[in-house]
Amino acid sequence: MYSTYEFDTHKEIKYTHMILGVNSPDSEDWKRLKIGVESGITTYLMVRDPLSQEDINRNLEIGVKNITINPVLQILNAVSHSPENIFSFFMQPEIKIAEESPELLYIGSNTYFHPRQYWVKYEDSKLDLTEREAALLLFFIEHEGRLITKYMLAEHLWGGFIQPDGIPKVVSRLKKKLGPACDLISSRRLGGFLYLRS
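Keep in mind the model is a prediction, meaning the values are calculated, not measured.

1. Looking at the packing of helix 6 (residues 150-158) against helix 7 (residues 167-177)
Packing of helix 6 against helix 7 brings their axes to within 10 Å, and their N-to-C directions diverge by 80 degrees. Relative to helix 7, the element helix 6 lies roughly perpendicular. Along the contact surface, helix 6 presents Lys150, Leu153, Ala154 and Trp158, while helix 7 presents Ile167, Val170 and Val171. Within the contact of helix 6 with helix 7, the residues separate by chemical class into six nonpolar, no polar and one charged.

See the structure below:
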């Protein structure tokens, strides 16, 4: 656990930030987080593994808003395309915080997607997605029923720093992880992709 604080020469130390990094939070960790939130301390939780449903419920009660899943993997993903990205990743003025989004999305064919924790679940299977795969799936969901070209995906998800001809491979890798929902994303003969929930 890492904390930052402010000194006041006439008063006790006032903590301003708390970062708790664990593989998976236990009951003592949740007590620490609750104390931090209730004390008005900006509280961050960094975990290696996606939160269990029990932990998600605990967090709903406590209210930690700054949760990062597998920060090391996120750094590796950021650096994998271009090694100079590592410097821009660490030069961020604030800790990277997951975007606000629903906890669980139904994407069709008895398959669910957790956009903040980067996983899909169907039947008894739960598969982790990379940050890029999760962003790609969320883009399809947000544009359901609309034809998405590989140029749109290249621009929106990679800022144009990927050859559009490489997009079908990325989409194919994502579809393999979707199990019974893989057919909900279809390739179009004239180019592009279409996502339909049913």
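2. A short note on the pattern of salt bridges
Throughout the structure, instances matching the rule amount to six salt bridges. Of the charged contacts, one joins Arg58 and Asp55 as a salt bridge, the two residues approaching to 3.8 Å between their closest N and O atoms. Taken together, the residues span about one helical turn, with Arg58 and Asp55 both in helix 2 (residues 53-62) at a distance of three residues. Judged by relative accessible area, Asp55 falls into the buried class, the value being 6%.

3. Describing the sheet that holds strand 8 (residues 125-128)
Either a parallel or an antiparallel arrangement is found when strands of a sheet pair, and the pairing is made through backbone hydrogen bonds. Pairing in this open sheet of four strands is antiparallel, and the strands run 5-6-7-8 from one edge to the other. Unpaired on one side and paired on the other, strand 5 (105-108) and strand 8 mark the two borders of the sheet. In this sheet, neighbouring strand axes are inclined to one another by 25 degrees on average, regardless of whether the strands run parallel or antiparallel.

4. Observations regarding the nonpolar core
Of all hydrophobic cores here, the largest spans 28 residues; its most connected members are Phe113, Leu137, Phe140, Leu153 and Ile185. Among the elements that line this core, the one with the most residues is helix 5 (residues 131-142), at six residues. Of all hydrophobic cores here, the second largest spans 14 residues; its members include Trp30, Val47, Ile56 and Ile62.

5. Re the side chain of Asp29
Within the secondary structure layout, Asp29 lies in helix 1 (residues 27-38). Not counting the four nearest positions on each side in its chain, Asp29 is found in contact with Leu20, Val22 and Ser24.

6. Description of the environment of Pro50
As for its position among the elements, Pro50 is in the loop between strand 3 (42-47) and helix 2. Residue class for Pro50 comes out partly exposed when judged on its relative accessible area of 22%. Here the alpha-carbon distance between Pro50 and Asp128, two residues 78 residues apart in the chain, equals 8.5 Å.

7. Considering helix 1
Every α-helix carries 3.6 residues per turn, so stepping three or four residues along brings you back to the same face. Between its first and last C-alpha, helix 1 extends 16 Å over 12 residues, near the 16 Å set by a 1.5 Å rise per residue. Within the sequence span of helix 1, burial applies to Asp29, Trp30, Leu33 and Gly36. The arc that holds the buried residues of helix 1, viewed along the axis, is 120 degrees, so those residues lie on one side. Facing away from the buried side of helix 1 by over 90 degrees, the exposed positions are Ile35 and Glu38. The opening residue of helix 1 is Asp26, an N-cap whose side-chain oxygen sits 3.1 Å from the backbone nitrogen of Glu28. Of the residues one or two after helix 1, Gly40 is the one with positive phi, at around 80 degrees.

About the thresholds
- The residue numbering used here restarts from 1 in each chain and proceeds along that chain's sequence as written.
- Whole-chain, interface and lining totals are the exception, using all residues; otherwise, since this is a predicted model, local features are given only for residues with pLDDT of at least 70 and side-chain atom pairs are given and counted only at 80 or more.
- For the side-chain quantities, the full set of heavy atoms in the structure was used; hydrogens and water were omitted.
- Between N-to-C directions, angles cover 0 to 180 degrees, with each direction set by a line fitted to C-alpha atoms, over the stretch in contact for helices.
- A run of H or I in DSSP counts as a helix once it spans at least four residues, and a run of E counts as a strand once it spans at least two, with each numbered from the N terminus.
- Any angle that falls under 35 degrees is termed roughly parallel, while one over 145 is termed roughly antiparallel, one within 65 to 115 roughly perpendicular, and all others oblique.
- Any two residues whose heavy atoms approach within 4.5 Å at even a single point are treated as in contact.
- Any residue outside Ala, Val, Leu, Ile, Met, Phe, Trp, Tyr, Cys, Pro, Asp, Glu, Lys and Arg is labelled polar, Gly included; the first ten of those are nonpolar and the last four are charged.
- The rule for a salt bridge is simple: a side-chain nitrogen of Lys or Arg has to be within 4 Å of a carboxyl oxygen of Asp or Glu.
- When accessible area is computed with a 1.4 Å probe and restricted to protein chains, residues below 20% of their type maximum are described as buried, those above 50% as exposed, and intermediate ones as partly exposed.
- Between any two strands, at least two bridges found by DSSP are needed for them to pair.
- Throughout, nonpolar core names a set of buried Ala, Val, Leu, Ile, Met, Phe, Trp, Tyr and Cys residues whose side chains join them through atoms within 4.5 Å.
- Here the expected span of a helix is defined as 1.5 Å times the quantity of residues minus one.
- To be clear, the arc concerns the directions from the helix axis to the C-beta atoms.
- For the purposes of these results, a polar contact is taken to be a pair of N or O atoms within 3.5 Å, where, inside protein, one atom must be able to donate a hydrogen and its partner to accept one; residues adjacent in sequence count only when each atom of the pair is a side-chain atom.

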